[in-house]
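# What the coordinates show
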Amino acid sequence: VIAKFVGTLAWWFILLFKVAEVGGSVMPFQQLQEADGSIEAQLPSHMQRIEFEKLQLSPSSNQYVEGTILAKYPTHEFGTGEKVFKMVLEESTTQQSVSNPETINTFIFGKLVNDCEHALKQGDRVVLTKFQVSTSPSARKDGRHVLQLELSEETGATVFVYAKSVKESAASSNVNSPINQRLKIGTQDYTYVPLNQIKDGVTVNVYGVVKFFKPPYRSKGTDFSSTVTIVDASNGRLNCVLFNGNADLLPKICKVGDVVRFHRIKIQEFNNELQAINAAGFSALTFDGTLGAPMKPRTNSKSYQFTANDQRTVEELRRWANATISIHKPTVKLSEVKPAEYFDLTCQLIAKAVVDRSAVLLKVWDGTKCPHTLRQVPVDMNTLEGDPADIHRLCKLTVDVLIYDNHVGAAHSLKVGTYLTIHNIHAKLATLNAEKPSTSLETVPEMEFHLHGGTSYGRGITVLPEECSDVQQLKQTLEPAISEDQDSLGDLTLLETLNTSRRPSAPERATATRVERCHQESATVLTAHQHIRTTSLRDVLDQTPPQKYRIRAKLANYEPKALHESVKLYCPKCHSLQEIPSDDHVDSFLQDAYTSGSAAAGPDPPTHDAPWYQTTTWEAEDQRRRQITVHFVKSDEAQSTPERSTILVEGVSLNELYRLSKRFAMLIPITSRTKCLTLNDLSIPFLIQDRKWHYGCKHCSHPQPVNALQPLSQTGPWDLSVIAKVLGVQLLRHVFVMRFTLDDGSGSLDAFLWDKVEQFFGISAADVVIDEALQDKLTRIMDTLCPPRTSDDDCPWLECCIKSYYVSDGSEQKTHYQIFDTVVAEAEDV
DNA sequence: TCTTAGGGTTCG
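Residues numbered from 1 in each chain as written. Chains lettered and ligands numbered in written order. Predicted model: local features only at pLDDT ≥ 70, side-chain atom pairs only at ≥ 80, totals over all residues. Heavy atoms only, no water.

In the annotation of an unreviewed UniProt entry, chain A is listed under the name Protection of telomeres protein 1 and assigned to Scyliorhinus torazame. Under the UniProt heading Sequence similarities (unreviewed entry), the entry covering chain A gives this text: "Belongs to the telombin family." (UniProt positions renumbered as here; feature names shortened; annotations may be inferred.)

Below you can see the structure in the form of structure tokens.
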């Protein structure tokens, strides 16, 4: 189609422009040059033309329209200084004669106007992308398309124009210089009117705190509707009535107290009061009203301007609202519900079932136990959608909520596991009637939960985004509630259900096999939290710490690759982490010790016996005439074999240290430089026991003279921790520290493995250092988790618990992740 | 320019 067009009329395709701002920074221009192929090749990838006639209220972002400017109206300026102009586009079509070409009203807003009001002329052929579609209020009058196009900063729109060939364009005064050179990217200065200064008849931008709202619902007309009452520090108050054919373009408010920014609302009078209604080009940002919450707005806008001023405004509104007690509603948990109360319930959906045409049953929980006798809505288990394991395990904590009439559609489309707020839910005491008489006077009336029909008091259901602060708070209540509940009957009930002779329902079978499959297919398994849903790494990366997740990912890489480097020394007191001193380091330290020792000690080294040890001295077989001294600690005769005895050694080399440590149970390297026996500097092991080298923390130890050991010589076999205590040594612990790069296809992150890693691998960090068989095992495990030289397909999945946390490096906070409550599957068989 | 709704408790 386009080729024919280009061929006959010899148009050139010149880019126009794209103006979009994300978070205040200008995106680069996207410049397209002359076309000698299809238009699609010139546009961002996968763009598809949509004919006017096929336009819908929620266009997908890869659609573009193409048309000729039939009329262009003068630019109008709002009181806010923002500009807007309207044009009428006629469908470009190749058909020879079109009796009734489609025409559509198109509005250009904001800085886009500055960019193209002079560049576009009647008769120009344009391509528009990322427009917003709304119903045309003037369709009946002007006979044009029932929908209209709106292009603004917020839609991320791009306008392209065809210009005539170079020759023609040279003759034309309009297009004699390349359009892209005339572009100026300016930021739009949005002005926001305090709510007490709002006047009738103007289109304005406002900021405010939500005092009341009705979540979007389908109106009796063509659109979705949402009512939002906002207030601000000026003591103003504004009732906004918002419509849109696409519910997603209405503000995404979760709760009273949220902060909103509306662009382009029109003020009008109704019932002697001013009210706002969304004007063309309306767009909304919604911020969590929680002090200190991230400044990431909920919005459908493709891009938006958000300056330092905006940030200040949101912060101020948050502060003001949180100090103004009348704005917020008290939150009510299930444990606090009073009979006949109406409240907003923030909860997680566990299961749902269609009851009849006018009602849907939702089984929800908020982690607290409702103290009232609850009515259980009878439903066929087979019509109940949800994980049977969860339904059974949480049955004591879930409540049945009946959702009626106009809310049924919304309830029906909810996904199990979703976090919700059910607004204005009614805790109703069941009415006893003649057909269901009370059997005794003591019968306690049951409590039932209803979401009645209608939208009064903001009745409706809001799906909460994962990152909203209410969800984060809710999750913290849910998780401990599950583990408490696990100890009770929950699991037993589940087992009984799965073990009954009755054939399990399909979802039940799926759950049972899924549990098995987890263990089979995953190279690591969880030691707890199996009930938690898996979160994608992309979602993990989107959220702010601290959080805990269950994830499923592959091990793309790990550090250190030299596995012996993964073992470090950790001080449980000062929490410092250090490398294990290398053999070279210990060797040179020992050499320094005996070289300087013999020089400084003078002619009379303390080589004599003491009441608690016997001393032997001999000369080493090297050229330096080095003197080796060994003090044998006296003990019972029964323990006097070398394998059971303790020796204090001076003047030994690394080699001798190894040889002696094989023969004696315990070996303490010492020095007699100071005339009494003392420990060496703690950069070498202070004690070797069963070939295991033990180190002390330099910061936390207060070494005592070795003579302090004398009283111990009477009490039989020596214990490592006792010796350390007597000698004033704070023991360092061997620990594994590794970094796993996890990837699940949706995202990738680095997670540290350093707490309880011995459980993770089933290997002791202290032992692996001296045991080659264990080193081989560790290598085999890592080769299983992350096979060398294989494709991604051969990498096993890892089921892991990870938690996110902030680490401050002085100037900024960084997000770190740590693996916990996870072990290698069947590590004992590796 | 304008249908919807224009906050204010229910059939269950």
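### Remarks on the overall build of chain A
The helix and strand inventory of chain A stands at 19 helices and 41 strands. Considering chain A as a whole, with its 830 residues, one finds that 48% of them fall into the buried category. Restricting the contact set of chain A to residue pairs at least 6 apart, pairs at least 24 apart contribute 64%. When the accessible surface of chain A is split by element, carbon and sulfur atoms take 50% of a total near 41400 Å². (Helix = DSSP H or I, 4+ residues; strand = E, 2+ residues; numbered from the N terminus. Buried < 20%, exposed > 50% of the residue type's maximum accessible area, 1.4 Å probe, protein only. Contact = heavy atoms within 4.5 Å. Areas by Shrake-Rupley, 256 points an atom, 1.4 Å probe, with all protein chains shown as cover.)

### Section: the protein's contact with DNA strand B
Not every one of the 35 residues close to DNA strand B is listed here, only the nearest: Lys214, Ser219, Arg237, Gln275 and Asn424. For DNA strand B, the fraction of protein-proximal atoms (within 4 Å) that sit in sugar or phosphate groups is 42%. Interatomic distance of 3.3 Å between a side-chain N/O atom of arginine 140 and a phosphate oxygen of DNA strand B. Backbone polar atom of lysine 220 to a phosphate oxygen of DNA strand B: 3.3 Å apart, as the coordinates give it. Looking at the surface near DNA strand B, the elements that each hand over two or more residues are strand E15 (224-231), strand E16 (237-244), strand E17 (259-270) and strand E22 (419-429). Among the residues making up the surface near DNA strand B, the classes are represented as nine nonpolar, 17 polar and nine charged. (Near = heavy atom within 4 Å. Polar contact = N/O pair within 3.5 Å; in protein donor to acceptor, adjacent residues only side chain to side chain. Nonpolar A, V, L, I, M, F, W, Y, C, P; charged D, E, K, R; others polar.)

### Let's talk about the sheet that holds strand E36 (residues 733-736)
Pairing is antiparallel across the open sheet formed by three strands, whose spatial order is E28-E27-E36. Each having just a single partner strand, strand E28 (577-579) and E36 make up the two edges of the open sheet. On average, each strand axis in the sheet is inclined to that of its neighbour by 45°, with strand direction left out of account. (Pairing = 2+ DSSP bridges. Axes fitted to C-alpha atoms, helices over the stretch in contact; angles between N-to-C directions.)

### What to know about the packing of aromatic side chains
Within this structure, the stated rule accounts for eleven aromatic pairs. When the ring of phenylalanine 760 is compared with that of phenylalanine 761, the centres are 5.0 Å apart and the planes differ by 90°; the resulting orientation is edge-to-face. This pair shows no difference in class: phenylalanine 760 is buried, exactly as phenylalanine 761 is. A network of ring pairs unites the aromatic residues Phe736, Phe740, Phe760 and Phe761 as a single cluster. Directly above the aromatic system of tyrosine 73 lies the positively charged group of lysine 86, at a separation of 5.1 Å from the ring centroid. (Phe/Tyr/Trp six-rings, centres within 6.5 Å; stacked < 30°, edge-to-face > 60°. Lys NZ or Arg CZ within 6 Å of the ring centre and 35° of its normal.)

### Points about empty space enclosed by the protein
Space left empty within the atom packing is revealed by a probe, the size of a water molecule, rolled over the atoms. Enumeration over the complete set of coordinates arrives at three cavities of 30 Å³ or more. Counted as a void, the largest cavity has a volume near 80 Å³. Along its surface, the largest cavity is lined by 15 residues, and Asp248, Leu249, Ala284, Thr299 and Asn300 are the ones closest to its centre. The greatest single-element share of the lining of the largest cavity, amounting to five residues, is contributed by strand E18 (residues 273-287). For the lining of the largest cavity, the class distribution of residues is six nonpolar, six polar and three charged. (1 Å grid on protein atoms, 1.4 Å probe; cavity = no way out; pocket = protein on both sides within 12 Å on 5 of 7 lines; lining within 4 Å. Points joined across faces, edges and corners; volume = space filled by probe spheres on them.)

### Remarks on unusual backbone geometry
Omega for the peptide link from proline 545 to proline 546 comes to -5°, which places this bond in the cis form. Positionally, proline 546 belongs in the loop between helix H13 (537-542) and strand E26 (547-559). Omega for the bond connecting glutamate 559 with proline 560 falls within 30 degrees of zero, at -5°, which places this linkage in the cis form. Of note in this structure, histidine 575 is not a glycine but carries a positive phi near 60°. By the element assignment, histidine 575 lies in the loop between strand E27 (567-570) and E28. The phi dihedral of arginine 691 falls on the positive side, at around 70°, and the residue is not glycine. Residue position: arginine 691 is located in the loop between strand E34 (687-689) and strand E35 (692-694). A relative accessible area of 42% means that arginine 691 is categorised as partly exposed.

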